[in-house]
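Chain by chain, the residues:
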Amino acid sequence: MSFTPHGKHLIAGVWVASDSSFSNAPTQGPAQWFSAGSIELVNRACEAAEAAFWSFGYSSREARAAFLNTIADEIEARAPSITTVGSLETGLPEGRLQGERGRTVGQLRLFASHILAGDYLDRRHDVALPDRQPLPRPDIRLIQRPIGPVAVFGASNFPLAFSTAGGDVASALAAGCPVVVKGHEAHPGTSEIVAEAIHAAIQKCGVHPGVFSLVHGGSRAVGQRLVQHPLIKAVGFTGSLGAGRALFDLCAKRFEPIPFFGELGSVNPMFLMPHAVAARGLEIAKGWAGSLTMGAGQFCTNPGVAVLTEGASANAFIDAAVSALEPVGAQVMLTEGIANAYRDGRDRVANAVGVREVLSTTCELRQAMPYLFATTGREWLANASLGHEVFGPLGLVVTVKDNDELLEVARSLEGQLTCTVHMDAEDSAEVSRLLPILERKAGRILANGFPTGVEVSEAMVHGGPYPASTNFGATSVGTMAIRRFLRPVSYQNIPEALLPEDLRQK
């Protein structure tokens, strides 16, 4: 199935153009033009989503599961076009996009099977006790219900898995919530293809067309209006700390504040314990280099910091990391803006007091090369900016005097998506002191692995204390992500025939 972008927005089942436009920035070939979003289009999409909620929000789990599976089928039917256009727009290799498409389709199907099982509804029933003394107890039943229309912002670094039909969209639809997506300007053609797939699924399943709308990128006012529209009841976002915090504040300042589920950034530190470093430090260094440079380091789980005890083993680890990073060639970054931000982050780290450059390279235009820096635990503790994310293949080694200073470095961390421990059995005593600290810092803790690559599963948590995310009790990956767009409702003494279908006695 070939595809030529028409550059329009999808608003409640209709492809609509607008007066202003913007172009994508493909890595090769001519740019393509797309209609820019507007406040008026946002208003129309939100009103359509509210109209759709009155049917979609009360649809059966079976109908929603069939809809999710049909979206997955339609995405797969467009696989070649998605790969071709996505690769041109983002510079990501075809293999990466094929894998991301598989992940996107897989999570749609996983969510479909999850809602069919029904456990996510958390149904509870307190049977009436009319003879209880001193007061009788009424009949009370609880169930999770969808909250209403949800706004989702497409992510720059995942044109499929965190964008038009990504985790936020899939989990909202699974919950029974219509979605308005603000597409990312970095990959509007890819967004359009996936929107075509969702549109086809809507038509095949007979779903209200307002259940999904795509508004292409526009001015900052478009995003602001989307999060402030009174019909929007929650927001899903993956992106930078600055943009995410600005949108979070707008959500909080609304007349009706709404939850903002933002995944904003993380340095994902690794703690390398002495026995593990002595036994296999060279192997760990090689693995770190591969994880650090995967996808030009443009993963929110990129492990940017390695903490280990100073000494000969630490020096050998650094040398091995340099040897593994040196052959890595230039990689195309997602956008010129991201490439510029990467260079700014490199300069911030390079100019920090007490930081030495271990591996220096040169990168320009839209390309990224790996950098490696080193500092001490004392300097890390004296400079909070070293703990700020650099989005790209830049690594920082922090050498500490002893395990006590390692624990102090751990306590100094801001919220993280992940923390990793490399350990052998002989390190268990030290790790037992470290883990309680890491539990308070991260949503996912790994042993002897690398955090790039987030499994979409029942037990996964992709979130953490601020600034990793804005809601530490939520995850944007895995089936628990559906719970973000539900709220508990209790029904007291309501006749059974009037209860939601999923609460009635079977």
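Residue numbering note: each chain is counted from 1, following its sequence as written. In keeping with the model being predicted, local features are shown solely for residues with a pLDDT of at least 70 and side-chain atom pairs are shown and tallied solely at 80 or more, while totals for entire chains, interfaces and linings include all residues. The basis for every side-chain value is the complete set of heavy atoms in the structure, and neither hydrogens nor water enter the calculation.

1. A look at the nonpolar core
One broad trend across soluble globular proteins is that nonpolar side chains are buried collectively. In terms of nonpolar packing, the biggest core is built from 94 residues, with Phe67, Ile75, Leu173, Val211, Phe212, Leu434 and Phe485 touching the most fellow members. Note on conventions: DSSP H or I runs of at least 4 residues are helices, E runs of at least 2 residues are strands, and numbering of each starts at the N terminus. At seven residues, the largest contribution of residues to this core is made by helix α6 (residues 188-205). As annotated, the domain borders come from an automatic or database domain assignment. Counting the residues that make up this core, at least three belong to each of domain 1 (33-128 + 146-264 + 469-503) and domain 2 (269-447). Leaving out residues up to four positions away in the same chain, valine 211 has contacts with Ala52, Phe56, Phe67, Leu173, Pro178, Val179 and Ile202. In terms of nonpolar packing, the next biggest core, distinct from the first, is built from 23 residues, Ile11, Val16, Val42 and Phe153 among them. Grouping buried Ala, Val, Leu, Ile, Met, Phe, Trp, Tyr and Cys residues that are joined through side-chain atoms within 4.5 Å yields what is termed a nonpolar core. Each residue is assigned to one of three classes by its accessible area relative to the maximum for its type, calculated with a 1.4 Å probe on protein chains only: buried under 20%, partly exposed between the two thresholds, exposed over 50%. Two residues form a contact once any of their heavy atoms are found within 4.5 Å.

2. So, the sheet that holds strand β21 (residues 486-492)
If DSSP finds at least two bridges between two strands, the strands pair. Reading across the sheet, the three strands line up as β5-β6-β21 and stay open at both edges, with antiparallel pairing between neighbours. Looking at strand neighbours, the two that pair on one side only are β5 (124-126) and β21, the edges of this open sheet. Recorded for the sheet is a direction-independent mean angle of 25° between the axes of neighbouring strands. With three bridges joining them, β5 and strand β6 (residues 140-146) adopt antiparallel strand pairing. Residue pairing in the sheet places aspartate 126 in a bridge with isoleucine 140 of β6. Fitting a line to C-alpha atoms yields each axis, with helices limited to the stretch in contact; the angle taken between N-to-C directions then spans 0 to 180 degrees.

3. A word on the side chain of arginine 444
Topologically, arginine 444 is positioned in strand β20 (residues 442-447). There is no salt bridge for the buried arginine 444, and the closest opposite charge comes from glutamate 455, which lies 8.7 Å off by N-O distance. For arginine 444, the contacting residues outside a window of four places in its chain are Thr301, Leu417, Thr418, Cys419, Pro451, Gly453, Val454, Met460 and Val461. When charges are counted, Lys and Arg contribute as positive and Asp and Glu as negative, whereas His and the chain ends are disregarded. Salt bridges are identified by distance alone: a Lys or Arg side-chain nitrogen within 4 Å of an Asp or Glu carboxyl oxygen.

4. Digging into the pairing of strand β18 (residues 394-400)
For β18, the tally of buried residues reaches seven of seven residues, placing the bulk of the element in the interior. Side-chain alternation along β18 places Leu394, Leu396, Val398 and Val400 on one buried face and Gly395, Val397 and Thr399 on a second face that is also buried. One ladder, built from five bridges, connects strand β13 (residues 305-309) with β18; its direction is parallel. Following the sheet pairing, alanine 306 is matched in β18 by valine 397. Looking at chain direction, strand β17 (residues 371-376) and β18 are connected through six bridges and run parallel. Each residue of the ladder has a partner; that of alanine 374, found in β18, is valine 397. The β-α-β motif built from β17, the intervening helix α12 (residues 377-382) and the parallel element β18 has right-handed crossover chirality. The handedness rule is simple: strands pointing away from the viewer, and a clockwise path from the first strand over the helix to the second, make the crossover right-handed.

5. Quick word on the packing of aromatic side chains
A pair of Phe, Tyr and Trp rings is counted when the ring centres sit within 6.5 Å of each other, with Trp represented by its six-membered ring. The angle between the planes then sorts it: under 30 degrees is stacked, over 60 is edge-to-face, the rest tilted. The final tally for this structure, using the stated rule, is 14 aromatic pairs. Each ring, one from phenylalanine 237 and one from phenylalanine 260, has its centre 5.6 Å from the other, and the planes form 35°; the classification is tilted. Note that phenylalanine 237 is positioned in strand β10 (residues 234-238) and phenylalanine 260 in strand β11 (residues 260-263), a separation of 23 residues in sequence. You'll find phenylalanine 237 and phenylalanine 260 in the same group, each marked buried. Aromatic rings pair up to connect Phe153, Phe237, Phe248 and Phe260 into one cluster. The ring centre of phenylalanine 158 lies 4.8 Å from the NZ or CZ of arginine 96, which sits over that ring. Sitting over a ring, as applied to charges here, requires NZ of Lys or CZ of Arg to be within 6 Å of the ring centre and within 35 degrees of the ring normal. Sitting over the face of the ring of phenylalanine 261, arginine 484 holds its NZ or CZ atom 5.8 Å from the ring centroid.

6. Overview of the UniProt feature "domain: Aldehyde dehydrogenase" (unreviewed entry) in the protein chain
UniProt positions are given in the numbering used here, feature names are shortened, and annotations may be inferred rather than shown by experiment. UniProt's feature table lists "domain: Aldehyde dehydrogenase" (unreviewed entry) at residues 27-326, given in the numbering used throughout. Secondary structure within residues 27-326 divides into 51% helix and 14% strand; the distance between the first and last C-alpha atoms comes to 25 Å.

7. Let's talk about the pattern of salt bridges
Counted by the stated rule, this structure contains 20 salt bridges. With a closest N to O distance of 3.0 Å, arginine 346 and aspartate 347 form a salt bridge. Counted as one network, the salt bridges with shared partners bring together Glu74, Arg78 and Lys204.

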